Amino acid sequence: MLKPTPMKHIRLLVLTDDLPRASLALAETQCFHPDRREPESERFATLPGRPFHEIHTQAQSRLDKIARLIPFEPPASLEPARVIDQAELARLNDWLGRLWDETSSYEEDFRQLDDQAHLIHEQQAALENFSHLNIDLGMLRAKTRFLHIHVGLVPRENLRQLEGAVALAGYILHVYMERGDNAHVVIVGPTDAKDASLDSVLTAAGFQAIPIPEGLDRAPAELQRDFETRLAAIAEERAQLTETLQRWSECYHEPLREAQRTLRLADPLVSLDESLRSRGYLTHLAGWVPAHAVAALRQRLDTALAGTYDLSVRDPLPEERALVPTVPVKSRLLAPFALLVNQYGIPSYGEADPTPLFALTFLLMFGSMFGDVGQGAVIALSAWALRGKLGRFWPFGLMAGGSSILFGFLYGSLFGYEHVLPALWMNPLSDPLLMLRLALIWGVFFIVLACLLAIYNRWAVGQWREALLGHHGVVNLVFYLALIAGGAGLADGTGFGTLPAVLVVASLAALAWHSWQHQQAPVGEKILVVVIETLETLIGYVSNTLSFLRVAAFSLNHVALSIAVFTLADMMGAFGHVMTVVLGNVFVLVLEGGIVMIQVMRLQYYEGFSRYFSGEGHAFKPIRFGRGPA
């Protein structure tokens with residue numbers, strides 16, 4: 001299940017006139033991922049699909065613009081599928097061009113109405129700043145013969161200092177509104193006052209002038225009524241224009257639906273444009289196909305082209321491994337976990353797909369850290385109830401809740417009650433040391449498994465040296481296992497042991513030698529780098545193993561939080577007890593559940609994926625029929 005889907009590279013030679021039929025057949029099988037490399041033979045140099053592509057792009061653009069003004073139902077089906085040739089596509093493009101010429105006049109009318117409404121809204125926003133000044137705003141816009149007027153806002157903490165400073169300059173300050181950290185003020189003074197000195201005072205106080213737009217030279221209340229009247233008129237004009245457009249466009253709904261269907265049927269050939277090379281009447285096409293789908297593809301081509309083609313199939317070459325796409329997981333249950341894996345990267349071809357392992361270990365860790373029958377049931381039922389909104393992600397919540405329920409039965413925990421259900425195993429707090437030991441054993445198992453996968457991935461792509469001496473390779477694994485064996489001996493009181501000590505020293509020496517061989521620096525610098533890398537290896541494995549103690553820590557923390565909730569509840573009356581228990585469970589679900597989720601993801605990404613998963617692949621995307629205008 002971890003093994004990727006085997007892929008084949010195919011080369012297809014068809015008559016150029018048969019390209020539309022060939023593309024239709026490839027799209028129907030949905031198993032052909034184009035290889036956009038140019039063919040090795042220079043005889044195939046012409047791009048036969050480019051004119052078709054350009055016409056399709058223009059037609060699709062016109063249909064998208066028309067669809068914004070004339071909404072229509074998309075075609076219910078593309079059946080029966082038929083070949084779209086360039087002449088038909090050109091006729092459709094011309095018709096869409098003429099229709100857009102007529103439709104664009106409506107768009108221009110709507111645009112003018114939008115501009116008018118936008119201008120009024122801007123003026124309303126400006127007027128809002130002066131709504132507390134029920135005066136003629138035109139008087140505030142400029143200097144008068146006898147008065148200088150400044151309108152603006154100033155930080156509240158500077159208001160008192162500014163008020164005193166402007167008074168010394170012969171001005172008065174009036175606060176007409178306070179909002180947030182700023183005060184809106186009007187500063188008025190005689191024209192013969194010291195205006196030059198006032199400017200420096202205003203700057204020092206952080207004063208920001210508020211310009212009064214043109215047109216706001218009447219009383220605010222009167223202006224507001226005028227704005228509302230104009231907006232109502234624009235809304236009425238828009239409604240009339242919309243009604244006129246609907247009446248005019250009714251006869252075009254069905255032709256537009258058919259136009260969209262035609263463009264979607266033409267999409268496969270457009271998708272192949274960059275992969276097509278032709279010479280004369282012959283066209284070259286290459287791509288990647290899952291091995292199990294080759295026979296079906298050949299059968300479909302036989303039907304579509306009546307045998308007038310040449311198909312050659314071969315395995316991917318070693319140097320092509322980076323170009324081979326990876327087929328995503330098809331399982332409905334694994335799909336949400338695949339989404340999380342893809343956040344880290346797409347598995348390279350040949351690399352083990354970590355999705356099944358990720359799903360299994362994720363559920364085990366989440367359940368063991370958040371084991372509660374009642375709270376797990378809430379998670380599962382919430383995922384089921386919200387499956388419409390969660391889309392493909394709802395099975396993830398359902399399985400996470402199920403895992404929590406399973407461990408809840410093992411722990412005997414139900415909504416934090418630890419003595420209602422008999423524990424099938426034990427309560428975590430009854431033996432914390434055992435929980436910590438199990439967490440360490442789980443961490444060792446997880447890291448060893450990650451190292452084995454790292455070794456397999458490198459071996460699968462022919463990187464023998466890296467599989468042996470690279471990060472988390474065979475030598476690293478020997479070192480880690482010897483270190484664990486020695487540590488276990490120390491814990492049992494039998495000492496580190498001779499064999500583990502020899503293996504640790506030998507493996508560290510091998511890693512140091514490997515690092516030395518790859519350094520291109522002076523001797524002193526090489527010694528420093530080798531010593532640091534060796535220490536990093538030692539410290540890294542120890543700290544990474546200890547990271548898994550959090551699995552036990554959160555299982556203990558879950559019980560401790562429940563005890564805290566019930567301690568508080570017991571201090572209340574009957575009603576308070578119930579409310580505290582309910583709110584406490586909500587608190588645990590939201591806060592601890594979120595933290596546990598983050599911790600599990602951290603362990604998966606950092607302790608797991610960083611060891612064995614490159615994520616440098618790219619997804620398999622076969623050509624298919626398009627989805628029409630947005």
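Small disclaimer: the values here were computed from a predicted structure and weren't measured. (Residues numbered from 1 in each chain as written. Predicted model: local features only at pLDDT ≥ 70, side-chain atom pairs only at ≥ 80, totals over all residues. Heavy atoms only, no water.)

Break down the overall build of the protein for me, with residues and values.
When helices and strands are counted, the protein shows 20 helices and nine strands. Computed over its C-alpha atoms, the radius of gyration of the protein comes to 36 Å, more than 25% above the 25 Å expected for a compact globule of 630 residues. In terms of overall dimensions, the protein has a C-alpha envelope of 100 × 80 × 70 Å along the principal axes. Across the 630 residues of the protein, 45% fall into the buried class. Considering only contacts in the protein between residues 6 or more positions apart, those separated by 24 or more positions represent 80%. With an accessible surface of roughly 32800 Å², the protein has 61% of that area assigned to carbon and sulfur atoms. In the protein, which carries 51 positive and 64 negative side-chain charges, the distance between the mean positions of the two groups comes to 5 Å. (Helix = DSSP H or I, 4+ residues; strand = E, 2+ residues; numbered from the N terminus. Rg over C-alpha atoms; globule rule 2.2 N^0.38 Å. Buried < 20%, exposed > 50% of the residue type's maximum accessible area, 1.4 Å probe, protein only. Contact = heavy atoms within 4.5 Å. Areas by Shrake-Rupley, 256 points an atom, 1.4 Å probe, with all protein chains shown as cover. Lys, Arg positive; Asp, Glu negative; His and termini not counted. Charge placed at Lys NZ, Arg CZ, Asp CG, Glu CD.)

Which residues make up the side chain of S348, and what are the values?
Within the element layout of this structure, S348 appears in the loop between α9 (335–344) and α10 (355–369). A polar side-chain atom of S348 sits 3.3 Å from a polar atom in the side chain of S614. Other than its neighbours up to four places away in sequence, S348 contacts T326, S614, E616 and G617. (Polar contact = N/O pair within 3.5 Å; in protein donor to acceptor, adjacent residues only side chain to side chain.)

How would you summarise the UniProt feature "transmembrane region" (unreviewed entry) in the protein if you had to cite specific residues and measurements?
Mapped onto this numbering, the UniProt entry annotates "transmembrane region" (unreviewed entry) at residues 357–386, 393–414, 434–456, 468–490, 496–516, 548–569 and 581–601. Helix makes up 87% of residues 357–386 and strand 0%, and the two end C-alpha atoms of the span are 26 Å apart. (UniProt positions renumbered as here; feature names shortened; annotations may be inferred.)

Which residues make up the domain arrangement of the protein, and what values do they have?
Each assigned domain of the protein is listed with its residue range as follows: domain 1 (7–100 + 243–326), domain 2 (131–211) and domain 3 (352–613). Measuring from the centre of the C-alpha atoms in domain 1 to the corresponding centre in domain 2 gives 68 Å. (Domains from an automatic or database assignment.)

Requested: an account of the packing of helix α11 (residues 373–385) against helix α13 (residues 394–411), with residues and values cited.
Across the interface, α11 lies against α13 with an axial gap of 7 Å and an inter-helix angle of 165 degrees. Taken together, α11 and α13 sit at an angle that is classed as roughly antiparallel. Read as a crossing pair, α11 and α13 show a hand that is left-handed. Contacts between α11 and α13 involve V373, G376, A377, I379, A380, A383 and W384 from the first element and W394, G397, L398, G401, G402, S404, I405, G408 and F409 from the second. (Axes fitted to C-alpha atoms, helices over the stretch in contact; angles between N-to-C directions. Parallel < 35°, antiparallel > 145°, perpendicular 65-115°, else oblique. Left-handed = near helix turned anticlockwise from the far one by under 90°.)

An account of the nonpolar core is requested, with residue identities and associated values reported.
Judged by nonpolar contacts, the single largest core of 61 residues is most densely connected at L26, F32, L96, L256, V289 and L301. Sort the elements by how many residues they give to this core and helix α3 (residues 86–129) lands first, with 11 residues. In contact with L256, other than residues within four places in its own chain, are L63, I66, I70, F72, W95, L96 and L99. Counting residues in hydrophobic clusters, the runner-up holds 53 residues, among them L357, F366, I455 and V600. (Core = buried A, V, L, I, M, F, W, Y, C linked by side-chain atoms within 4.5 Å.)

Account for the packing of aromatic side chains, with residues named and values stated.
Summed over all chains, the structure comprises 28 aromatic pairs. Note on F358 and F362: the rings are 5.6 Å apart at their centroids and 40 degrees apart in plane angle, and the pair reads as tilted. Of the two residues, F358 and F362 both sit in helix α10, four residues apart, roughly one turn of that helix. Across this residue pair, the class does not change: F358 and F362 are buried. Seen in terms of ring centroids, W459 and W464 are 6.2 Å apart; in terms of plane orientation they differ by 80 degrees. Their pairing is edge-to-face. You can call W459 partly exposed: its relative accessible area is 46%. Every member of this aromatic cluster is reached through a ring pair, and the members are F337, Y344, F358, F362, F393, F396, Y605, F609, Y612 and F613. When the ring centre of W384 is taken as reference, the NZ or CZ atom of R387 above it lies at 4.0 Å. (Phe/Tyr/Trp six-rings, centres within 6.5 Å; stacked < 30°, edge-to-face > 60°. Lys NZ or Arg CZ within 6 Å of the ring centre and 35° of its normal.)

Explain helix α17 (residues 498–517) to me, using residue names and the numbers behind them.
When the terminal C-alpha atoms of α17 are compared, their 29 Å separation across 20 residues agrees well with the 28 Å that a helix rising 1.5 Å per residue should span. Among the structural elements, α15 (464–469), α16 (474–492) and α18 (523–546) are those in contact with the buried residues of α17. (Expected span 1.5 Å × (residues − 1).)

Any chance you could break down the pairing of strand β8 (residues 282–290) for me, citing the residues and the numbers?
Of all nine residues making up β8, eight are buried, and the element is well covered by its neighbours. Pairing geometry for strand β1 (residues 7–15) and β8, over nine bridges, is antiparallel. The partner of I10 across the bridge, within β8, is G287. Both strand β2 (residues 33–34) and β8 contribute to a ladder of two bridges, which runs antiparallel. Across the sheet, the residue bridging to P34 is G287, located in β8. Across three bridges, the pairing between strand β7 (residues 277–279) and β8 is antiparallel. Bridge assignment links R277 to a residue of β8, and that residue is H284. Remark: two residues form the turn of the hairpin made by β7 and β8, two consecutive strands paired antiparallel; G280 in that turn has positive phi of roughly 65 degrees. (Pairing = 2+ DSSP bridges.)

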